[in-house]
Amino acid sequence: MEKYVIIGGNRLSGTVRMSGGKNSVLTILPACLLSKGACIIHDVPRLSDVYVMKDVLKCLGAKVEFTDNTMIVDASNITMVELPDRLTRMMRASNLVMGPILARFHHIIMAYPGGCSIGSRPMDQHLRGLKILGAEIVEKYGYIEAKTNGLVGNEICLDFPSVGATENLVMAATLANGITTIRNTAREPEIVDLQIFLNAMGAKVKGAGTDVIKIVGVKELGAAEHTIIPDRIEASTFMVIGAITQGNIFIKNVIAEHVETVISKLREAGIEIKEYDNGIRVKCNKRPRSVDFKTMPFSGFPTDVQAQVMGLMTVSEGTSIVTETIFENRYKHVDEFRRMGADIRVEGRVAIIKGVKSLSGAYVESSDLRAGAALVVAGLAAEGATVVDNINLIDRGYEGFEQKLRRIGADILRVDGGKERH
Ligand code: UD1
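Residues numbered from 1 in each chain as written. Predicted model: local features only at pLDDT ≥ 70, side-chain atom pairs only at ≥ 80, totals over all residues. Heavy atoms only, no water.

Observations concerning the domain arrangement of the protein chain
Phase 1: On domain assignment, one finds that the protein chain holds domain 1 (3-19 + 230-421) and domain 2 (22-227).
Phase 2: Distance between the C-alpha centres of domain 1 and domain 2: 30 Å.
Phase 3: Counting residues at the interface gives 26 residues for domain 1 and 25 residues for domain 2.
Phase 4: Roughly 2,000 Å² is buried in total at the junction of domain 1 and domain 2, and carbon and sulfur atoms are behind 48% of that figure. (Domains from an automatic or database assignment. Contact = heavy atoms within 4.5 Å. Buried area = accessible area lost by both parts, 1.4 Å probe.)

Structure representation (structure tokens):
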């Protein structure tokens with residue numbers, strides 16, 4: 001099991017470039033399955049989740065080449081419509097192949113997906129939508145089988161603006177016969193990125209970024225080339241790192257509009273943030289003020305940044321109230337923060353954080369991807385050494401995390417069973 005060893009207290013400064021967005025690439029890669037031609041995708045981050053998705057595509061028969069940060073996916077010759085438990089358990093986003101495979105090959109069998117342990121993550125919205133488009137679905141022995149004689153456009157209204165359900169249903173509808181209108185859709189930037197890619201392949205999708213998406217089905221989709229949008233969660237994490245280390249960081253390759261809610265919350269906490277055409281500068285030279293926040297679907301405060309900003313609140317001046325509304329079990333980092341000296345009380349979906357002057361280094365464990373990143377954030381500011389265990393979870397979503405941190409002055413090492421790795 002690999003660990004990070006962090007010596008806290010350095011004020012981080014310098015320039016750091018954000019990678020392509022994890023959540024964007026995890027929907028764009030399954031979308032390649034809709035195409036009869038080879039698709040070229042640029043700025044693909046080298047993350048463990050991306051390697052799992054690559055294996056998923058290969059398991060279905062796609063040819064995949066991954067050089068530097070460019071991936072070429074040729075799904076012209078899909079040979080399998082069945083995904084084994086071994087692959088789907090490794091990642092929730094494996095369920096995003098369902099819409100494309102069903103739409104193009106009219107049949108898919110897959111085991112229920114796994115993912116981070118942040119709460120129950122049902123697929124009812126995905127399956128209900130696919131049924132409305134004409135799929136027959138059987139759930140048995142831990143597997144989902146969907147079949148159709150050809151999907152047919154229809155009206156779908158989601159009960160909740162689920163990101164994955166919106167993506168799956170938009171992809172499925174691109175090859176359905178007729179027009180599909182999906183209401184109460186998620187409005188995340190990754191869905192806009194998906195729409196751009198689908199339309200480049202020849203699809204007719206309109207409305208991504210709003211809560212109504214309209215898709216006019218087409219007979220087939222072809223090759224396309226696309227560059228993934230920057231990772232807004234990675235950028236938000238680095239903003240928090242700039243703030244908690246009282247540093248001065250320039251974050252390149254970020255779309256400010258995608259992180260506006262986080263920027264405004266951090267400004268409220270007294271952090272200086274300037275937006276430029278080519279990036280964002282984050283500066284802080286005093287203890288931040290406590291702020292309250294509540295996670296919401298985009299453009300609200302992202303649940304994927306809750307743990308990191310809570311980390312900042314543990315050392316802020318005053319009391320902060322955090323409310324998690326998206327996932328019911330997303331406070332596993334709280335006990336670990338407490339080991340570092342944080343004062344936090346959790347009541348249901350609400351966490352009350354009384355800021356302390358400083359945290360102290362401790363041995364802590366990541367429970368999920370963002371919780372792990374938040375422990376690194378805390379460790380960078382804590383007095384003494386922090387060991388963050390289980391960092392394979394952090395590798396799911398941060399490309400070259402420790403290299404990027406070291407370049408801006410962090411004292412962080414990856415340790416593998418007692419051995420150091422730079
Ligand atoms: C995506 C992101 C994840 C982020 C989340 C919310 C990817 C690969 N992952 O996950 O990083 O934290 O959005 O912003 O893009 N739900 C149902 N039924 C469904 C689907 C979802 O009840 O059929 C519930 C979930 O249990 C959860 C909430 O809706 O409580 C949000 O889930 P959803 O928006 O679907 O998240 P994901 O697409 O899984």
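What to know about the pattern of salt bridges
Phase 1: This structure, assessed with the given rule, holds 19 salt bridges.
Phase 2: In this structure, Arg17 and Asp43 form a salt bridge, with 2.9 Å as the shortest nitrogen-oxygen distance. One end of the pair, Arg17, is in strand β2 (residues 13-17); the other, Asp43, is in the loop between β3 (38-42) and α2 (48-59), with 26 residues separating them in the sequence.
Phase 3: Overall, Arg17 belongs to the partly exposed group, its relative accessible area being 40%. (Salt bridge = Lys/Arg side-chain N within 4 Å of Asp/Glu carboxyl O. Helix = DSSP H or I, 4+ residues; strand = E, 2+ residues; numbered from the N terminus. Buried < 20%, exposed > 50% of the residue type's maximum accessible area, 1.4 Å probe, protein only.)

Concerning the environment of Lys294
Phase 1: Note on placement: Lys294 falls in strand β18 (residues 293-294).
Phase 2: Residues Lys294 and Lys54 lie 240 residues apart in sequence; the distance between their C-alpha atoms is 34 Å.
Phase 3: If near-sequence neighbours (up to four positions away) are discounted, Lys294 is found in contact with Phe301, Thr323 and Thr325.

Details of helix α12 (residues 369-381)
Phase 1: The terminal C-alpha atoms of α12, which comprises 13 residues, lie 19 Å apart, in line with the 18 Å expected from a rise of 1.5 Å per residue.
Phase 2: Counted residue by residue, α12 has twelve buried out of 13 residues, so it is predominantly covered.
Phase 3: Among all positions of α12, only Leu369, Arg370, Ala371, Gly372, Ala373, Ala374, Leu375, Val376, Val377, Ala378, Gly379 and Leu380 are buried.
Phase 4: Taking the backbone nitrogen of Arg370 as reference, a side-chain oxygen 3.1 Å away marks Asp368 as the first, capping residue of α12. (Expected span 1.5 Å × (residues − 1). Polar contact = N/O pair within 3.5 Å; in protein donor to acceptor, adjacent residues only side chain to side chain.)

Side note on the site of the ligand
Phase 1: Around the ligand, the surrounding shell holds 18 residues, and the nearest of these are Asp124, Gln125, Ser162, Asp304 and Ile326.
Phase 2: Here an oxygen atom of the ligand and a backbone polar atom of Gln125 are 2.7 Å apart.
Phase 3: In this structure, Ile326 approaches the ligand through a main-chain N or O atom, which is 2.6 Å from an oxygen atom.
Phase 4: Contact with the protein chains removes 86% of the 730 Å² of surface that the ligand exposes when unbound.
Phase 5: Contributions of two or more residues to the shell around the ligand are made by α5 (124-132) and α6 (163-174). (Near = heavy atom within 4 Å. Areas by Shrake-Rupley, 256 points an atom, 1.4 Å probe, with all protein chains shown as cover.)

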